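Residues per chain, in single letters:
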Amino acid sequence: MTKLRKNKKIAKIFSFMLCFAIISTLFAIPSSAYTFETGGKRQSTPVYFYIASQGDNRFVAEFQSAMSAWNSAGFGTLIQYSGRRSALVPSYDGYNTVTFGNRGATVALAVTNITYYTGTGVIVESDIDVNTYNTFKFSTDSALVSGYDAQSMFTHELGHALGLGEEYSETEATMYYSMGMNETKKRSLHSDDISGLSALGY
Amino acid sequence: MVKVKKILPFFLVISIIISIAVVYWNYQFKKFDSENMLVTEQHILMPNYSLDELVANSQYILIGKCLGKEISKYAMTSNSMTGEGYETITTDFNIDVIRVIKGNLDDNSIVIRSDIGQVGNKISKCKEQVEFSDEEKVLLFINKDTFESDNCYRASFFIGSKYDFITEDEYYNSYFGNTIKLDDIISLL
């Protein structure tokens, strides 16, 4: 009788251990690969940018003005223009590049592709693609010319290149998600944009 | 009984070792996996767009229901009218056409292609691209995809092209937080 009780006890302990091993194994098996919602920031600055030689020369001056807005935000030189290079479409090729193309009536003014590894969250490349289907307005154009302000567009896109996302509530912010025709307010950074940079740790 | 007693500690040690090994392997696996997931996150700057423009720049307007999605793959994108494009990760959503509001659409079911998804260790993300859940009933503003000859279409104004069903006459866009009425669209045609 005592032997039987002991056997039962041992069987119970054994079952418990077996269950423990199975449950531990089940918990440990990965259910899916995980990703972060957004990328982090740049590991080092300045971020060197090239502009595709296929683009209109006037875009270069607008890009440099946009770059100055971020560089004078109090975080040192964040972006640096490195010259022209041939590139037709945005691609992950080791160069932060501004490309141009008539991407049609997909209505995007521009798209910034941020590439990062999920493990570190560090942005490794940013490419800006400008949809020349739209009419852009340059600083040298007369006030009568109507179009989307190229400098404002670049200022917004460079914010993404540094790791900032779209802003949905602060309509005055450079990072506000949409832009109107002839609107120039995105040229100057809003306190919300600067707070964003600070929060990213620049 | 004595044998069982002798074996018991052995089993205990073995099960603990197995558990630790699996947890460690899992940690390494996740670490390895996460370090190798390359994410491209698109941020799209959109112009301010009115309902008139949305209607005018959409070849088709329809009410449909999502039947499911296909496995992501590489396909041409940019939806350019000029034919300029490049390959990127895309996901196709199968949509059952319930009612066509604008355009001559003969197909009962169509594909909406979106530039998001995962192929291998590469992920493409974009908040402004349309996504659908199964059985989701929506109002859609779309254009024919330039690069696909089949019944493949693109949202004409990214996420601004998709309105969720409230009633048969009212639809809501969660991205912009606005509601539109079907009658308002019909009056613009």
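Residues numbered from 1 in each chain as written. Chains lettered and ligands numbered in written order. Predicted model: local features only at pLDDT ≥ 70, side-chain atom pairs only at ≥ 80, totals over all residues. Heavy atoms only, no water.

Q: Let's hear about the overall build of chain B: which residues, and what values?
A: A count of helical and extended segments in chain B gives three helices and twelve strands. Looking at chain B as a whole, 46% of its 189 residues are labelled buried. Look at the contacts in chain B between residues 6 or more apart in sequence, and 64% of them connect residues 24 or more apart. As displayed, chain B has an accessible area near 9500 Å², and 54% of this comes from carbon and sulfur atoms. (Helix = DSSP H or I, 4+ residues; strand = E, 2+ residues; numbered from the N terminus. Buried < 20%, exposed > 50% of the residue type's maximum accessible area, 1.4 Å probe, protein only. Contact = heavy atoms within 4.5 Å. Areas by Shrake-Rupley, 256 points an atom, 1.4 Å probe, with all protein chains shown as cover.)

Q: Help me get a handle on the environment of S109(B), residues and values and all.
A: Residue and element names in this part refer to chain B. Inspection of the secondary structure assignment puts S109 in strand β5 (residues 109–114). You can call S109 partly exposed: its relative accessible area is 34%. On a C-alpha basis, the gap between S109 and Y49 in space is 28 Å, while along the polypeptide they are 60 residues apart. Excluding anything up to four places from it in sequence, S109 contacts I95, D96, V97 and N151.

Q: Give a detailed account of the nonpolar core, specifying residues and quantitative values.
A: Core analysis: the biggest nonpolar cluster contains 40 residues, and I110(B), I112(B), F132(B), L139(B), F141(B) and I185(B) have the highest contact counts within it. Those elements that provide at least two residues to this core are β1 (38–47), α2 (51–56), β2 (60–69), β4 (86–102), β5, β8 (137–144), β9 (152–155) and α3 (182–188) of chain B. With residues up to four places along the chain from it excluded, the contact list for I185(B) reads L51(B), V55(B), I61(B), I101(B), L139(B), F141(B) and I180(B). One finds A87(A), V98(A), M153(A) and M179(A) within the second-largest nonpolar core, a separate group that totals 37 residues. (Core = buried A, V, L, I, M, F, W, Y, C linked by side-chain atoms within 4.5 Å.)

Q: Lay out the pairing of β4(B) in plain terms, naming residues and giving numbers.
A: Residues and elements named next belong to chain B. Two elements, β2 and β4, share eight bridges in a ladder whose sense is antiparallel. From the neighbouring strand, I63 faces β4, where its bridge partner is R99. Bridge count for strand β3 (residues 73–77) against β4 is five bridges, and the pairing is antiparallel. Within β4, the residue paired with Y74 across the bridge is I89. By the bridge criterion, six bridges tie β4 to β5 in an arrangement that is antiparallel. The residue of β5 that forms the bridge with T91 is S114. Between the end of β4 and the start of β5, which pair antiparallel, lie six residues, with G103 showing a positive phi angle near 90°. (Pairing = 2+ DSSP bridges.)

Q: Tell me about helix α2 (residues 58–71) of chain A, residues and numbers included.
A: It helps to recall that an α-helix has 3.6 residues per turn; residues three or four apart then point in one direction. Over its 14 residues, α2(A) runs 20 Å from end to end, which matches the ideal 20 Å to within 8%, given 1.5 Å per residue. Of the positions making up α2(A), those classed as buried are F59(A), V60(A), E62(A), F63(A), A66(A), M67(A), A69(A) and W70(A). (Expected span 1.5 Å × (residues − 1).)

Q: I'd like a description of the pattern of salt bridges, backed by residues and values.
A: Two side chains that carry opposite charge are able to pair once their charged atoms sit near each other. Residues and elements named next belong to chain A. Taken as a whole and judged by the stated rule, the model has 13 salt bridges over all chains. Here R187 ties to D149 by a salt bridge, and the two come within 2.8 Å at their closest N and O atoms. With a gap of 38 residues between them, R187 in the loop between β8 (178–179) and α4 (191–200) and D149 in strand β7 (residues 148–149) connect regions that are remote in the sequence. D149 gets classed as buried once you look at its relative accessible area, which sits at 2%. The structure contains a network of salt bridges with shared partners spanning D56, R58 and D141. (Salt bridge = Lys/Arg side-chain N within 4 Å of Asp/Glu carboxyl O.)

Q: How would you sum up the side chain of D193(A)? Please name residues and give values.
A: Residues and elements named next belong to chain A. Tracing the backbone through its elements, the reader meets D193 in helix α4. One buried charged residue, D193, remains without a salt bridge, the closest side chain of opposite sign being K186 at 8.1 Å. Aside from chain neighbours lying at most four places away, what touches D193 is W70, L164, A173, T174 and M175. (Lys, Arg positive; Asp, Glu negative; His and termini not counted.)

Q: Account for the confidence of the model for chain A, naming residues and giving values.
A: Residues and elements named next belong to chain A. Summary statistics for chain A give a mean pLDDT of 85 and a share of 83% for residues scoring 70 or more. Here helix α1 (residues 2–28) stands out as the element of chain A with the lowest mean pLDDT, 64, in contrast to α2, whose mean of 97 is the highest. Ignoring residues within four places in sequence, the model shows residues 28–37, a span with pLDDT below 50, making 25 contacts including any to other chains. (pLDDT = per-residue confidence, 0-100.)

Q: Can you lay out unusual backbone geometry for me, pointing to particular residues and giving the numbers?
A: Note that the residue after T45(A), namely P46(A), is joined by a cis bond; omega there is 5°. Examined against the element boundaries, P46(A) turns out to sit in the loop between α1 and β1 (47–52). At N182(A), a residue that is not glycine, the phi angle is positive and equals roughly 65°. Following the sequence through the fold, N182(A) ends up in the loop between β8 and α4. Residues other than glycine seldom take positive phi values, yet E135(B) does so here, at roughly 70°.

Q: For helix α3 (residues 150–161) of chain A, give the residues involved together with the corresponding values.
A: All names here are of chain A. Taking 1.5 Å per residue, twelve residues should reach 16 Å; α3 reaches 16 Å between its end C-alpha atoms and fits that length. In terms of residue burial, α3 counts as a mostly covered element, since twelve of its twelve residues are buried. Within α3, burial applies to A150, Q151, S152, M153, F154, T155, H156, E157, L158, G159, H160 and A161. Just downstream of α3 lies G163, where phi reads positive at about 120°.

Q: Describe in detail the environment of S126(A), supporting the description with residues and values.
A: All names here are of chain A. Checked against the element boundaries, S126 lands in strand β5 (residues 123–131). Classification of S126 by relative accessible area gives buried; the value is 0%. Separated by 29 residues in sequence, S126 and T155 have C-alpha atoms that sit 14 Å apart. Apart from residues lying up to four places away in sequence, S126 is in contact with R42, F49, N96, T97, N113, I114 and A161. One polar contact links S126 to R42, side chain to side chain, over a distance of 2.7 Å. There is a polar contact of 3.2 Å between the side chain of S126 and the backbone oxygen of A161. (Polar contact = N/O pair within 3.5 Å; in protein donor to acceptor, adjacent residues only side chain to side chain.)

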